[in-house]
Amino acid sequence: MPHRTETDSRKLLRRLRDEMSVASPGQERLDRITTITAESMGVDVCSLYLFRDAETLELCATEGLRSEAVHQTRLRLGEGLVGKVARLARPVNTADAPAEPGFRYMPETGEEVFTSFLGVPVQRLGERLGVLVVQAKEPRLYSDDEIYGLEVVAMVIAEMTELGVFFSDSTSYAATHKNPAVLQGVTAQEGEAEGEVWLHEPRVVITNLVNDDSRAELARLEDAVGKLRVSIDELLATAGTRDKEHQEVLQTYRMFAHSRGWMKRMEEDIRLGLSAEAAVEKEQSAARARLERVPDAYLRDRLHDLDDLSNRLLRILTGQGRETGATMPDRPILVARNIGPGELLEYGRNLRGVVLEEGAVGSHATIVARALAIPLVINVPRITTEALTGDHILVDGTEGMVHLRPDDSVTSAFRDKMAMQAKAQERYASLRDKPAKARCGAVIQLKMNAGLMADLPSLASSGAEAVGLFRTELQFLIQDRMPRRTDLVANYARVLDAAGGLPVHFRTLDIGSDKVMPYMNRPDEPNPAMGWRALRVGLDKPGVLRMQLQALIRAAKGRALSVMFPLVATASEFSRARSMLMREIDREARLGHALPERLETGAMLETPSLAFAPKSFYEEVDFISIGGNDLKQFFFAADRENELVRKRYDTLNVSFLTFLQVIVDRCYETETALSFCGEDAGRPVDALALAGIGIGALSMRPASVGPVKSLIRRANLNEVSELIARVQTRGLETARPALLDYVATLVE
Ligand code: PEP
Ligand code: MG
């Protein structure tokens, strides 16, 4: 076989393109592609296999094998050399195919006569679509140039497959984004939603794959890369030095944008006949295929950076922005690699659900999704490559699962589940204006946790009696600069207005630990959860806390104000914080501003130490709110962010309940109001236990108010209290089984 030259590849590509411009049925086109490729490469066989489903490849066109085998011969992923190419997502090149491990003889194709084999994956942006193979009778190894040339053809086929050029009829191939896919991710916000995909970053559509003039294309690429470099330098210049992580990402972008290797590969692709954008995408696809195989998280992140960079370059080359002119579906489910909190807030409550390929349970986007009460599933592999705008999608936020293009049976089962939940919601809604009054007559106060204005509409709809915890740091977290005092005043005033006279317990800034603000300098700490956080920062560097206290007083404009301080570990910390507040009150009075008609100051009890503070502390505070999330992590020495230990210790563990009883008793003795505002307050069985040991107020996510109220109304708290006492006397480790048995006896 003659050595292939650059011009051969160009000719081949051009012939392929011409072939494609003739309107003909898909199968005919495929047949022509294999014929042209075989001719051009001087081989006996060229065959194309496409995925029929995620596990099965089907021979879809061939030149050289028996034509009767087309659409008959099928292979499992990993089966035979073709299956091996698909599984490894990289070329297999051998001079002696029958001797190669994994070779499988397929008599129907007549392939025994062909000795040499070269197969390359057909893939688009990391999605495996099929395998393209050439074979010849003579035993020969294919050159690097030939491998490269065949990869370029495979890329063109991938693009065409994506555009639906081949099978516009009802035949479905995995490649064509038509088959159902079930993708497992991680729950970040519970709830179910049905709707249509709305891609946050719509794909860049490439229509010209082949170039007429490689010199001109090379110039286009160079020009675009130049613009890309300038844009990254500009980003770097404006990023500032504070956000180290952002800086690092941009530095990596910069490194890639100046990478000779990347550039050289794309230039090579163009010389072989691809257009500049097709060349960018070919390298992007190859990088995505590598991404799937890299086990190291750091390297994976870097490959993601390269992927982002390729997208930027594609947008420069094609001039396509995010705006594609597509109209948002009626029931949009946002699909994105990742999204910032500000962008998510902009979409707001229009969204039915959100699915992210990355993300983190504690991320700012998650905080916003929770505030908006939108089901959110994160860490969903391949979702941005699998989903197309408009695809039917079911989001099971509770199970952390996504059904893409589900079939009818899945959809109807899902709808049944949603209907059941809607019924339960109706039941809860009917309890909205009723008290959480247990059968014994005790009434528990149910409040809600909030942190953004977006939360406030839930106050009325949930039936909560107050905002028991307003996490003020969220406003600081979701923006990229420090809010000004006027911003704070406006925000707090809006919160109080929206609460319409119901109490709001504002918690002062709780930063540090998992809550990091990009614009604030922070020391690197070995163990930030037990480090310089929350009130500790406020007392040591009082500037921001003072500004916040002033803003709260001004926002109250004479209305009642309730302030609570986070992570108070000692009585003196509370006294100092309270004095700061009093000084600000005096100052505001001197400035002639209206003072709150009533002022309450409380402490969050989040460290065991505060439970044993002197009696005078309990007398000084107006109220105590148990921050169960932190208290539990410190009580059991189990990091709340660490998946390995997070769920290891039960809230209904008898030691913990006994400890909580100490706090209840001390508050009872000193007549101090006590509430509990950790996540456990929103779990009905746990909430019942907390109420049973004498905690009279529980603050939780708005969606939990209904279920908790419903259970409390059916229970008798004296019985719960006796049950816990019995478990304690018997020396059991946890009260959960006994409590679950008890709950099972309660009538709906
Ligand atoms: C807690 O620790 O229980 C709490 C309510 O505060 P956060 O979850 O914001 O730390
Ligand atoms: Mg806390």
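Criteria and thresholds
One numbering rule holds for all chains: residues counted from 1, following each sequence as written. Working convention: letters from A go to chains and numbers from 1 go to ligands, in the order in which they are written. Local features are withheld for residues below a pLDDT of 70 in this predicted model, meaning they are given only at 70 or higher, and side-chain atom pairs are given and counted only at 80 or more; totals for whole chains, interfaces and linings count all residues. Calculation of side-chain values draws on the structure's entire complement of heavy atoms; hydrogens and water are dropped beforehand. Secondary structure is summarised from DSSP: a helix means a run of H or I of at least four residues, a strand means a run of E of at least two, and numbering begins at the N terminus for each. Note on contacts: a residue pair qualifies if any of its non-hydrogen atoms lie within 4.5 Å across the two residues. Working definition of accessibility: Shrake-Rupley area with a 1.4 Å probe, residue cover restricted to the visible protein chains. Asp and Glu are treated as the negative residues and Lys and Arg as the positive ones, with His and the ends of the chain left uncounted. In plain terms, the charge of a residue is placed at NZ if it is Lys, CZ if Arg, CG if Asp and CD if Glu. Note that water is not among the atoms considered, so a metal site may appear incomplete; the donors listed are N, O and S atoms within 2.8 Å of the metal, with 3.2 Å applied to Na, K and Ca. Relative accessibility under 20% of the residue-type maximum defines a buried residue, over 50% an exposed one, and the middle range a partly exposed one, all with a 1.4 Å probe and only protein chains included. Criterion used throughout: strands pair if DSSP finds at least two bridges between them. Convention adopted: a line fitted to C-alpha atoms gives each axis, helices being fitted over their contacting stretch, and angles between N-to-C directions are expressed from 0 to 180 degrees. Any residue with a heavy atom lying within 4 Å of a molecule or strand is counted as near it. Any pair of N or O atoms that falls within 3.5 Å is considered a polar contact. Within protein, one atom must be able to donate a hydrogen and the other to accept it, and sequence-neighbouring residues count only if both atoms are side-chain atoms. Residue polarity is assigned by list, with Asp, Glu, Lys and Arg as charged and Ala, Val, Leu, Ile, Met, Phe, Trp, Tyr, Cys and Pro as nonpolar; anything else, Gly included, falls into the polar class. Our angle categories are set so that under 35 degrees counts as roughly parallel, over 145 as roughly antiparallel, 65 to 115 as roughly perpendicular, and the remainder as oblique. Here the limits of each domain have been adopted from an automatic or database domain assignment. Put simply, buried area is the surface a 1.4 Å probe can reach on two separate parts but cannot reach once they are joined, added for both. Salt bridges are defined by distance alone: a side-chain nitrogen of Lys or Arg within 4 Å of a carboxyl oxygen of Asp or Glu. In this scheme Phe, Tyr and Trp rings, the latter by its six-membered ring, pair at centre separations within 6.5 Å, and the angle between planes marks the pair as stacked below 30 degrees, edge-to-face above 60, and tilted otherwise. Look at NZ for Lys and CZ for Arg. If either is within 6 Å of the ring centre and within 35 degrees of the ring normal, a charge sits over the ring. Residue-level confidence of the predictor is summarised by pLDDT, bounded by 0 at the bottom and 100 at the top. Here, nonpolar core means buried Ala, Val, Leu, Ile, Met, Phe, Trp, Tyr and Cys residues that are tied together by side-chain atoms lying within 4.5 Å of each other.

Chemist: Teacher, can you tell me more about the overall build of the chain here?
Modeler: Looking only at helices and strands, the chain has 27 helices and 23 strands in total. Overall, the chain is about 95 × 60 × 45 Å in size when its C-alpha atoms are taken along their principal axes. Contacts in the chain between residues at least 24 apart in sequence constitute 67% of all its contacts with a sequence separation of at least 6. Put simply, the chain shows about 32100 Å² of open surface, and 51% of that area lies on carbon and sulfur atoms. Both charge centroids of the chain, one from 94 positive and one from 107 negative side chains, sit 5 Å from each other.

Chemist: Sorry if this is basic, but what is going on with the coordination of the magnesium ion (ligand 2) here?
Modeler: Only E606 (OE) and D630 (OD) from the protein reach the magnesium ion (ligand 2) as donors, at distances of 2.0 to 2.1 Å. Of this pair, E606 sits in the loop between β20 (599–605) and α20 (608–611) while D630 sits in helix α22 (residues 628–636), and the two are 24 residues apart along the sequence. Residues E606 and D630 agree in their burial class; the two are buried.

Chemist: Honestly, the sheet that holds strand β14 (residues 401–404) in this entry has me stumped. Any pointers?
Modeler: In any sheet, the strands associate via hydrogen bonds between backbone groups, in a parallel or an antiparallel arrangement. Spatially, eight strands are ordered β7-β14-β13-β9-β10-β11-β12-β8 in an open sheet, and the strand pairing comes out mixed. Only two strands of the sheet have a single partner each, and these edge strands are β7 (181–184) and β8 (186–189). Neighbour-to-neighbour, the strand axes of this sheet turn through a mean angle of 30°, independent of strand direction. Note that β8 and strand β12 (residues 376–378) share three bridges and pair antiparallel. Its bridge partner lying in β12, T187 is registered against V377. Each of β8 and β12 is contacted by helix α11 (residues 364–371), which is oriented at about 55° to β8, the strand it contacts most.

Chemist: I tried to follow the site of ligand 1 on my own but got confused; where do I start?
Modeler: Surveying the vicinity of ligand 1 reveals 14 residues, the closest of which are R471, R507, E606, N629 and R640. Between an oxygen atom of ligand 1 and a side-chain N or O atom of R507, the distance comes to 2.8 Å. Here E606 contributes a side-chain N or O atom positioned 2.8 Å from an oxygen atom of ligand 1. Contact with the protein chains covers 99% of the free accessible surface of ligand 1, which is 290 Å². Taken together, the elements giving at least two residues each to the shell around ligand 1 come down to β17 (467–471) and α22. Per-class residue counts for the shell around ligand 1 are three nonpolar, four polar and seven charged.

Chemist: Can you walk me through the packing of helix α24 (residues 684–692) against helix α26 (residues 717–729) in this structure?
Modeler: Packed helices, taken two at a time, are described by their axes: the angle between them and the distance between them. As a packed pair, α24 and α26 sit with axes 8 Å apart at the nearest point and diverge in direction by 90°. Looking at the two axes, α24 sits roughly perpendicular to α26. Of α26, the residues touching α24 (which contributes L688, A689, A691 and G692) are L717, V720, S721 and I724. In the contact of α24 with α26, the residues fall into six nonpolar, two polar and no charged.

Chemist: Would you mind showing me how to read the domain arrangement of the chain here?
Modeler: The figure often quoted for interface size is the accessible area lost as the parts come together. As far as domains go, the chain holds domain 1 (6–162), domain 2 (181–202 + 328–407), domain 3 (214–318) and domain 4 (436–744). Between the C-alpha centres of domain 2 and domain 3 the distance comes to 26 Å. Between domain 2 and domain 3, the residue contacts involve six residues of the former and six residues of the latter. Regarding the contact of domain 2 and domain 3, the summed buried area is about 480 Å², with carbon and sulfur atoms giving 27% of it. Per-residue buried area on domain 2 facing domain 3 is highest for E201, R337 and T385; these three make up 64% of the total on that side. Counting every contact that joins domain 2 to domain 3 gives one salt bridge. Applying the counting rule to domain 2 against domain 3 returns two residue pairs in polar contact (both at pLDDT 80 or more). Taken together, the residues that form the side of domain 2 that touches domain 3 break down as one nonpolar, one polar and four charged.

Chemist: Just to check I follow, could you spell out the packing of aromatic side chains for this structure?
Modeler: For the structure on display, the rule yields eleven aromatic pairs. Ring centres of F612 and F659 lie 6.0 Å apart, and the angle between their planes is 35°; on these two criteria the pair is classed as tilted. Here F659 lies in helix α23 (residues 654–670) and F612 lies in the loop between α20 and α21 (615–620), a separation of 47 residues in the sequence. Between F636 and Y649 the ring centres are 4.8 Å apart and the planes differ by 5°, which places this aromatic pair in the stacked class. Separated by 13 residues along the polypeptide, F636 in helix α22 and Y649 in the loop between α22 and α23 bring together distant segments of the chain. Judged by relative accessible area, Y649 falls into the partly exposed class, the value being 30%. The lysine or arginine in question, R140, covers the ring of Y142, its NZ or CZ lying 4.5 Å from the ring centre. When the ring centre of Y148 is taken as reference, the NZ or CZ atom of K282 above it lies at 4.3 Å.

Chemist: What is the right way to read the confidence of the model for the chain from this model?
Modeler: Any region with low pLDDT has predicted coordinates that should not be read closely. Overall, the predicted model of the chain reaches an average pLDDT of 88, with 92% of residues at or above 70. Confidence over residues 168–172 falls short of pLDDT 50; this stretch has six contacts with residues more than four positions distant or in other chains.

Chemist: How should the sheet that holds strand β2 (residues 56–63) be read in this particular structure?
Modeler: Spatial strand order, β3-β2-β1-β6-β5-β4: six strands in an open sheet with antiparallel pairing. Every interior strand has two partners, whereas the edge strands, β3 (74–76) and β4 (92–94), have only one. Looking at each pair of strands side by side, their axes are set apart by 25° on average, direction ignored. Sheet analysis places β4 next to strand β5 (residues 116–124), joined by three bridges and oriented antiparallel. Within β5, the residue paired with T94 across the bridge is F117. Strands β1 (45–53), β2 and β6 (127–136) of the sheet are contacted by helix α2 (residues 26–41), whose axis makes an angle of about 65° with β2.

Chemist: Just checking my understanding: could you explain the nonpolar core for this structure?
Modeler: Nonpolar side chains tend toward joint burial in soluble globular proteins. The biggest cluster of nonpolar side chains holds 120 residues, and the ones touching the most others in it are F617, L660, I663 and L698. A total of nine residues in this core trace back to one element, the largest contributor, which is helix α18 (residues 543–556). Here this core gathers at least three residues from each of two domains, domain 2 (181–202 + 328–407) and domain 4 (436–744). For L660, the contacting residues outside a window of four places in its chain are I626, L631, F676, L690 and I693. Ranked by size, the runner-up nonpolar core spans 65 residues in total, among them L30, A38, L118 and L274.

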